[in-house]
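Structural overview for review
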There are 2 protein chains.
Amino acid sequence: MPIYQAPARDARFIINEVLRVGELGDLPGFEGASADIVDAIIEEAGKFASEVLAPLNATGDKEGCTRHQDGSVSTPAGFREAHGQFREAGWGTLSAPEEFGGQGLPHVIGFAAEEFMSSANMAFAMYPGLTNGAVNALLVKGSPEQQAAYLPRMVANEWLGTMNLTEPQCGTDLGLIRTRAEPQLDGSYAITGTKIFISAGEHDLTDNIIHLVLAKTPDAPEGTKGISLLVVPKFLLDADGNPGERNSVSCGAIEHKMGIHANATCVMNYDGAKGWLVGEENKGLAAMFIMMNAARLGVGIQGVAQAEAAYQNGVSYALERRQGRALTGPADLGEKADTLMVHPDVRRMLMDARAFIEGMRALSLWAGLLVDLVHKAASEEERVAADDMLGLLTPVIKGYGTDLGYKVATDMQQIWGGHGYIAENGMEQFVRDARIAMIYEGANGVQAMDLVGRKLAMHGGRAVQAFFAEVGKECAAATADERLVDLAGRVEKTNGELQAATLWLMNNGLANPENAGAGAYDYMHLTGIVALGLMWLRMARASLAALDGGAEDKAFYEAKLITARYFGERYTPEAGALRRRMETGAEAVMALPVEAFARG
Amino acid sequence: MPIYQAPARDARFIINEVLRVGELGDLPGFEGASADIVDAIIEEAGKFASEVLAPLNATGDKEGCTRHQDGSVSTPAGFREAHGQFREAGWGTLSAPEEFGGQGLPHVIGFAAEEFMSSANMAFAMYPGLTNGAVNALLVKGSPEQQAAYLPRMVANEWLGTMNLTEPQCGTDLGLIRTRAEPQLDGSYAITGTKIFISAGEHDLTDNIIHLVLAKTPDAPEGTKGISLLVVPKFLLDADGNPGERNSVSCGAIEHKMGIHANATCVMNYDGAKGWLVGEENKGLAAMFIMMNAARLGVGIQGVAQAEAAYQNGVSYALERRQGRALTGPADLGEKADTLMVHPDVRRMLMDARAFIEGMRALSLWAGLLVDLVHKAASEEERVAADDMLGLLTPVIKGYGTDLGYKVATDMQQIWGGHGYIAENGMEQFVRDARIAMIYEGANGVQAMDLVGRKLAMHGGRAVQAFFAEVGKECAAATADERLVDLAGRVEKTNGELQAATLWLMNNGLANPENAGAGAYDYMHLTGIVALGLMWLRMARASLAALDGGAEDKAFYEAKLITARYFGERYTPEAGALRRRMETGAEAVMALPVEAFARG
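Residues numbered from 1 in each chain as written. Chains lettered and ligands numbered in written order. Predicted model: local features only at pLDDT ≥ 70, side-chain atom pairs only at ≥ 80, totals over all residues. Heavy atoms only, no water.

This paragraph deals with the domain arrangement of chain A. Residue and element names in this part refer to chain A. Each assigned domain of chain A is listed here: domain 1 (8-154), domain 2 (160-281) and domain 3 (443-592). On a C-alpha basis, the centres of domain 1 and domain 2 stand 23 Å from each other. Facing the 33 residues of domain 1 at the interface are 32 residues of domain 2. It is Val 73, Tyr 127 and Tyr 150 in domain 1 that bury the most area against domain 2; as a group they hold 22% of the surface buried on that side. In this structure, the connection of domain 1 to domain 2 is made through 0 salt bridges. Linking domain 1 with domain 2 are 15 residue pairs in polar contact (both at pLDDT 80 or more), by the criterion used here. (Domains from an automatic or database assignment. Contact = heavy atoms within 4.5 Å. Buried area = accessible area lost by both parts, 1.4 Å probe. Salt bridge = Lys/Arg side-chain N within 4 Å of Asp/Glu carboxyl O. Polar contact = N/O pair within 3.5 Å; in protein donor to acceptor, adjacent residues only side chain to side chain.)

On to empty space enclosed by the protein, then. Enumeration according to the criterion identifies 6 cavities of 30 Å³ or more in this entry. Size it by volume and the largest cavity reaches roughly 1400 Å³. Lys 407, His 525 and Glu 574 of chain A together with Lys 407 and Glu 574 of chain B are, among the 47 residues lining the largest cavity, the residues nearest its centre. Here the residues of the lining of the largest cavity sort into 21 nonpolar, 6 polar and 20 charged. (1 Å grid on protein atoms, 1.4 Å probe; cavity = no way out; pocket = protein on both sides within 12 Å on 5 of 7 lines; lining within 4 Å. Points joined across faces, edges and corners; volume = space filled by probe spheres on them. Nonpolar A, V, L, I, M, F, W, Y, C, P; charged D, E, K, R; others polar.)

Our focus in this paragraph is the relation of the copies chain B and chain A. What relates the two chain copies is a rotation about an axis together with a slide along it. The two copies are related by a screw motion: chain B maps onto chain A through a turn of 180° and a shift of 0.0 Å along the axis, at an RMSD of 0.0 Å. Expressed as a symmetry operation, the mapping of one chain copy onto the other fits a two-fold axis. Minimal C-alpha distance to the rotation axis in chain B is attained by Ala 577 of chain B, lying at 3.1 Å. (Least-squares fit on C-alpha atoms with pLDDT ≥ 70 in both.)

This part takes up the side chain of His 203 of chain B. You can see His 203 of chain B is positioned in the loop between β5 (189-199) and β6 (208-215). Among the polar contacts listed, one links the side chain of His 203 of chain B to the backbone nitrogen of Leu 205 of chain B, at a separation of 3.0 Å. (Helix = DSSP H or I, 4+ residues; strand = E, 2+ residues; numbered from the N terminus.)

Attention now moves to the packing of helix α14 (residues 485-511) of chain A against helix α17 (residues 574-582) of chain A. Residues and elements named next belong to chain A. Remark: α14 packs on α17, axes separated minimally by 9 Å, with the N-to-C direction vectors making an angle of 10°. By the criterion of interaxial angle, the relationship of α14 to α17 is roughly parallel. Mapping the contact onto sequence places Thr 494, Glu 497, Ala 500, Ala 501, Trp 504 and Leu 505 in α14 and Ala 575, Gly 576, Arg 579 and Met 582 in α17. In terms of residue class, the contact of α14 with α17 is made up of 6 nonpolar, 2 polar and 2 charged. (Axes fitted to C-alpha atoms, helices over the stretch in contact; angles between N-to-C directions. Parallel < 35°, antiparallel > 145°, perpendicular 65-115°, else oblique.)

Time to look at the packing of helix α8 (residues 284-320) of chain B against helix α9 (residues 344-376) of chain B. Residue and element names in this part refer to chain B. As a packed pair, α8 and α9 sit with axes 9 Å apart at the nearest point and diverge in direction by 150°. As summarised for this structure, α8 and α9 are arranged roughly antiparallel, according to the angle between their axes. Two packed elements cross with a definite hand, and for α8 against α9 that hand is left-handed. Across the interface between the two elements, Leu 297, Ile 301, Gly 303, Val 304, Ala 307, Glu 308, Tyr 311, Gly 314, Val 315 and Ala 318 of α8 pack against Val 346, Leu 350, Ala 353, Arg 354, Phe 356, Ile 357, Met 360, Arg 361, Ser 364, Ala 367 and Val 371 of α9. Taken together, the residues that form the contact of α8 with α9 break down as 15 nonpolar, 3 polar and 3 charged. (Left-handed = near helix turned anticlockwise from the far one by under 90°.)

Here we come to the packing of aromatic side chains. Summed over the entire model, instances satisfying the criterion amount to 20 aromatic pairs over all chains. Measuring from ring centre to ring centre gives 4.2 Å for Tyr 317 of chain A and Trp 416 of chain A, while their planes differ by 15°; the resulting arrangement is stacked. A residue pair is termed long-range when its members are at least 10 positions apart, and Tyr 317 of chain A in helix α8 (residues 284-320) and Trp 416 of chain A in the loop between α10 (380-415) and α11 (427-437) qualify at 99 residues. Trp 416 of chain A carries the same exposure label as Tyr 317 of chain A, and that label is buried. When the ring of Phe 567 of chain A is compared with that of Tyr 571 of chain A, the centres are 5.1 Å apart and the planes differ by 20°; the resulting orientation is stacked. Comparing Phe 567 of chain A with Tyr 571 of chain A shows no difference in burial state: the two are buried. Geometry around Phe 597 of chain B places Arg 354 of chain A over its ring, the cationic atom sitting 5.7 Å from the centre. (Phe/Tyr/Trp six-rings, centres within 6.5 Å; stacked < 30°, edge-to-face > 60°. Buried < 20%, exposed > 50% of the residue type's maximum accessible area, 1.4 Å probe, protein only. Lys NZ or Arg CZ within 6 Å of the ring centre and 35° of its normal.)

With that out of the way, let us pick up the state of the cysteines. What we call a disulfide is simply a covalent bond connecting the sulfur atoms of a pair of cysteines. All names here are of chain A. By the definition in use, this model includes 0 disulfides over all chains. No disulfide involves Cys 65; its sulfur sits 7.7 Å from that of Cys 266, the nearest cysteine. In this structure Cys 266 is a free cysteine whose sulfur lies 3.8 Å from that of Cys 251, the closest cysteine sulfur available. Residue classification places Cys 266 among the buried residues on the basis of a relative accessible area of 0%. (Disulfide = S-S within 2.5 Å.)

You'll often see interface size given as the accessible area lost when the parts meet. Opposite the 101 residues of chain B that make contact, chain A presents 101 residues. Across the chain B to chain A interface the summed buried area is about 8800 Å²; carbon plus sulfur atoms make up 60%. When residues of chain B are sorted by the area they lose upon contact with chain A, Tyr 421, Arg 570 and Arg 599 of chain B head the list and together hold 12% of the total. Put simply, chain B and chain A have 8 salt bridges between them. Note that Arg 570 of chain A is salt-bridged to Asp 522 of chain B, the shortest N-O span being 3.7 Å. Viewed at the interface, chain A and chain B are joined by 53 residue pairs in polar contact (both at pLDDT 80 or more). Per-element tally for the side of chain B that touches chain A: the top contributor is α9 of chain B, with 10 residues. In terms of residue class, the side of chain B that touches chain A is built from 48 nonpolar, 23 polar and 30 charged.

What follows is the structure, given as structure tokens:
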């Protein structure tokens, strides 16, 4: 069975020493986030993930979810009990507001816990994960009555939430939805339509499920300007606020998928179901994006999480399996062969994994901090800056993070050779599970367009300019230490490539938007490399500070510096290629006539 | 259900107009390979693949193989009948020698047919595909008696063959095998041991199965110098050469795998089974490499094949699915949304697929021709040159071809969005099936080491020098046509990167072999890009010649030229990055202490 041990040490390092969350004690919620408390929570979350959730990962994949004739859905054996423990331990409440029963801790801590849960059991972690998105939407757009009715129970994970967006004829293009919401005399709406791919749409984990549903009211404008968001509980609440009458929403089928078998992906049928508007009529898209942005960060974290879980098992196999001899001569003369660790190509895959995982972990935890700072930073200027940066980084974390997560999971499976292809060894599950993260909550091509088409242009490019400046500042600071001159020079060079690519996009995307479309994906990856470079510089500086300060855990910091160097040497060369490819423009991409694509 | 239409037009173009097989009519076997005959065979093979094999691909994946209590194995419904049709149509006999009942046609034709079969149903195509490898080994190393006893039936696919190499403790490192072959008084050997991951080790397709087995005789030298190859039939042959007494070899279990479910991957138990030496004692590794090299080319073809099948279904979805609007304004005003074809990022994935598939198809068919020329070319000089080139290209076709095949399959799944993750749509099967090709017959890291550690150095670098010269010659020739100047310049530049990388390897790999090991993978990909560039130049020149000659099928040749341009603009920029990454050497790759890898 695959192993999993939460990388708590690494998360603590990032939170305490790189992001220095302990120094933000003046901000609301951060007063309780001293290094001691952070460490304790991180350790406990890691323990829960590895002891309770990880043992259910392979069995959950094998058993999958079952839909019964009455439309009810069972999760795999052990999931209900594990969710009970999750609920009792309050893992869903970490970063939720105290007024609704949350612990009000910074999101940066919640994000770390989320990564561990997702590494241990991605299909399980999705149940509470999606609830977070629904909670966010209700927090911002819900009426006080809705908040009071739903949030305390959802925060406590007594009830779970869902996001109902996709329909058979539309996923990305939500302007095409057909689900109708007819106003009723009592102020509610009758919702009718079919939603597909609804994760956790039906299950046996909780007594109620709170669906947030996109629908169109009669006479709504065409397209995305005519979409409303409604809250539709599986069981209507009775006078005491408890689950009462069954609402007419039901699971019509569950999908058979490549992975995440233990998460029920449902076709949801709304047959005049009773729901209530969340926020204003026709303004549902904005409310949906609140859920979506949170969900996208969560999905990016899934990318790191699957990579980390696969990495640990790649390492354990490479340490044990003996095959061939070191190129420099036998390493273990007493054995008939050396371990896989002697082979440079195996090391390459493991180091690729570390450079991605640790860099992306830092980036996503920084994003968690930015989520807090958007609301809690001391000045308006800081709040705006945090919002800009978060908006810019979200598609990169989601798109680059999940592409690389899948690549790393595939590489770690590769280390196992033929044994990696065998189901019972668990490596192929990491790949199958990681694959969905590139698709849902906006396919990665959509993320690239969000970055290039929306985020770059906002406020006259303010966010990306701030990002360039931040990277430049970090490079300059690092250059002051001769031990970091090489890495800083390499990252600075990628920053230069990104600036040139941005300028190219501005000039050529205006002339022909297809130039932006054809280059968006490469631009997203280029941004990912620069962002990881920024994080590696920060981590390298923090590590040197620790070593210079006589830290005890020398091996940890030295490993960071070696991996930072590896990142610089092996990840940054791609930046120039991405830019040059992008700068060839859209012509060759779009030149082939549509009718020439099919074989015949 | 996924569609599949064999790309017969493209294969015919490569064979007749690029490789000009028709002009080789003086060589043995080629006299029957006129364009007319080639076209007829290609069309028929395509029809068989799409009509007989493709319909069994999804059902075979779902049902898988079943091992019964008596150790017998059933293939999925329809496989036995399909194999009967395959046998009757003589698809296994195409390139086999006439003296054993084959048609003696060039391998280049057999390779094209093999691609179609593998696209339509990879798990099915493996049964006869592995037999080819066993046939090759017996052709070269078998005694006349062995050849007479086994080859006619194997060529006719009355009996199928297997390769028994891997054991629980060794895959890559065959020096570690433990299976024993004890000489008996009658000249046979008694074979005892356990083999794992034996594709097609047991099944119900044929009356007999001929296993080729690596084992060690008593007192054999340690390591790979003490390995012998033996032929071990499932049923011993009676006096008339028909299957008689059951041999003591049996299937102990079948594996549950990520993909290729319809191919039985067996644990084979040899319990004093009767076998006979093939070739000399302790010289089994050389014999094994005859099988292996054929198998590696076959696996490379699987990479193209899965990419092609996935591509066709990516296209069909992109043509149908309407989502969003063109960036340049609505394309289909009468519809609520445009098709996916308007989106540059979707086009990017489709064009990436075409540029890889068509380039790699040409490369693998060229390899098929080289297989013929190794034995049949008019002069010794040409035969040696063909052998050099084939040896150099084999690890590239296998390693680069399957890496990109998997990437393309993943991209095509991505075009389907969430629907690509749903099992019944078939896109995820292409990904799962394509995945194994990166692993078996030598994991791709092993291919990279074969290229860098063996093939580069052979005969003082003669093969790679010939390759550089061939690319240089092609670039020079193309430059004479102004329409190809841009592409030729780009390919020439990649050739320069490869030459510089080769020089770097020679200088730095000698100083420290780990530099070669750490750079091998990037070097393999770099070689793949240059090799595809060579093929694109050849295809572009052939297309221009056809157009200039007033060819009727203009659209086909124009599509080639557009795809050639796309390859030049979008594939070649990576070459420099690969070289620069490689040239950072092994230090950062190997620097982290072994004990620092595990999390804790």
